[in-house]
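An overview of the molecular structure
If you want the building blocks of each chain, they are given just below.
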Amino acid sequence: MLSLKQTYYLLFLFGLFFFPFTSFDGLKFLGEYKNEAGAYFFLIGFALLLVDVFKGKPFYIPLNKTVFQVLLAFIAWLILSTLLNYQTVSENYFKHTTGFNRFIRQFISLSFSTIIFLLFFWNVLIEMNIKQVLFKIRRIFLFSLIFTFIYGFFEVSVTILGFSFLKPIYNLFDYFPFLEEDFDSQGRISSVAYEPPFLAIFLISIAGWMFSYMITEKKRSKYIPLFMVLILTYYSGSRTALVVILIQLIFFLNIFLSINMKRIIVLSTLVLTFSLLLLATLNKDNKAIKDITKKVESLDFVGNLTKSVSNQSRFGIQYSSLQVFKKNPIIGVGFGQQSFTGRHLYPSWAVKNNWEFKKIYQESNVRSFPPGYNLYTRLLAETGIIGIIIFLFLIFTTFKQTKILMKNDELEIKVLGIILFITFIGLYINWIQIDAFRLYVFWLSLCILMKFSNLSKKENNVTY
């Protein structure tokens, strides 16, 4: 029979595997996390961890880690900035929600990631050494990617290529936990995720882990994870994923070529990949060429501003956040309060002929609040210059400590440093177009960074 420790360790691994599974109806009381399959495993795992602690197991908190100290300072400022705006927060009311009610909901949501999940990850990782962290976690992400890719293959075959004879097989996936079939008529796939943007977050989060196979493995199969990520990115149709993963790949290849003497293999692989893509476009109706051209044109956010409701909403809300910041530059308006003030500052070019504002964002009877679409502009509006400085210092600290790991002579530590570097780049860029803190791999990466940031060259296998 499994011990409590073994049980919540397995729940940790299952949570990582099910991280991209968001296409199901979950428990409404979990709010933002109701459709996040990974969250269920992490929450149950954390509960079992507390039971184990109650029975005498030590509960570890990384209070002596710089990253954690900066994070605590950031959380403290979120509370303080809201209290300093007590008068306006107490008067805020929109969508049948008060300012303080909105703050409490947002803070609980934040606490799931910054307290529950982070401390759960830390207490699991504390028992693992460098090789276990690198190879076990990477293997779990690989298994998750393989399943996502297989499901995506059938989704592409049925919904895009029109191979209807494969639909019975595709329908069988409905019997797998946390999966519900969802056809997209727009020529985009989401695989196990609810929508293409959620699939994009998964791919961005694991890209560094999958790219790292090119460093540690010798078989030709080491390139397969890279190609699976790129293929899913292409068919997801996510503009963000296309841009961010390309940037991640460029950074990774630059690092890889600097440490790997067999550059000809990499260059040959890239040439082969390019050739295959070129051949794929040479069909009689040039459908693939038109498709690629369409995807490239979709990256023109500004050019599509008046043509895309999504872009109008995105840029409009970001603009209103900056206007809120201009009016409250030092301490902001309080955590979770941007929507109350920003709804009066939407630009006319964003609201005009935009059904999202009319029927959702400005409709008081629709209880869901509009997304901020950009974490940085949201923090500027809600926490002011003080809050954004603390958050940017957190980002700076992660890069500084990651750089130290990348310079280590031990291969495992160096590779882990590269993975974290690529992951942080992707997630920080991704925050330009989302304002959610529930990025599990970010908090996992922080824990991994904190665990190994102080290792010397001779201590890389120490468990502490």
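Each value, and the rule that gives it
Residues numbered from 1 in each chain as written. Predicted model: local features only at pLDDT ≥ 70, side-chain atom pairs only at ≥ 80, totals over all residues. Heavy atoms only, no water. Helix = DSSP H or I, 4+ residues; strand = E, 2+ residues; numbered from the N terminus. Buried < 20%, exposed > 50% of the residue type's maximum accessible area, 1.4 Å probe, protein only. Areas by Shrake-Rupley, 256 points an atom, 1.4 Å probe, with all protein chains shown as cover. Axes fitted to C-alpha atoms, helices over the stretch in contact; angles between N-to-C directions. Parallel < 35°, antiparallel > 145°, perpendicular 65-115°, else oblique. Left-handed = near helix turned anticlockwise from the far one by under 90°. Contact = heavy atoms within 4.5 Å. Core = buried A, V, L, I, M, F, W, Y, C linked by side-chain atoms within 4.5 Å. Salt bridge = Lys/Arg side-chain N within 4 Å of Asp/Glu carboxyl O.

**Quick look at the overall build of the protein chain**
When its secondary structure is counted, the protein chain shows 20 helices and two strands. When burial is assessed residue by residue, the protein chain has 54% of its 464 residues classed as buried. Taken as a whole, the protein chain presents about 21,900 Å² of accessible surface, with 65% of it coming from carbon and sulfur.

**So, the environment of Val 51**
Looking at where Val 51 falls in the secondary structure, it is placed in helix H2 (residues 37-54). The exposure class assigned to Val 51 is partly exposed, which follows from its relative accessible area of 39%. It is 8.2 Å that separates the C-alpha atoms of Val 51 and Leu 4, two residues lying 47 residues apart in sequence.

**Looking at the packing of helix H5 (residues 99-125) against helix H20 (residues 440-452)**
Contact geometry of H5 with H20 gives a least axis separation of 9 Å together with a crossing angle of 45°. In this view, H5 runs oblique relative to H20, as classed from their interaxial angle. Read as a crossing pair, H5 and H20 show a hand that is right-handed. On H20, the residues that touch Ser 113, Thr 114, Phe 117, Leu 118, Phe 121, Trp 122 and Leu 125 of H5 are Tyr 440, Trp 443, Leu 444, Leu 446, Cys 447, Ile 448, Met 450 and Lys 451.

**Some remarks on the nonpolar core**
Counting residues in hydrophobic clusters, the biggest one holds 130 residues, and the most contacted among them are Phe 12, Ile 137, Phe 141, Trp 209, Phe 391 and Ile 448. In this structure, Phe 12 is in contact with Phe 42, Phe 120, Phe 121, Val 124, Leu 125, Ile 137 and Leu 444, ignoring residues within four places of it in sequence. Grouped together as the second largest cluster of nonpolar side chains are six residues, Tyr 346, Ala 350, Phe 357 and Tyr 373 included.

**Focus: the pattern of salt bridges**
Where charged atoms from two side chains of opposite charge come close, those side chains can pair. Enumeration according to the criterion identifies six salt bridges in this entry. With a shortest N-O distance of 3.6 Å, Glu 127 and Lys 5 are connected by a salt bridge. In this pair, Glu 127 sits in the loop between H5 and helix H6 (130-160) while Lys 5 sits in helix H1 (residues 4-17), placing the two residues 122 residues apart along the sequence. Accessibility expressed as a relative area gives 31% for Glu 127, which makes it partly exposed. Arg 438 is the salt-bridge partner of Glu 36, the closest N and O atoms lying 3.1 Å from each other.

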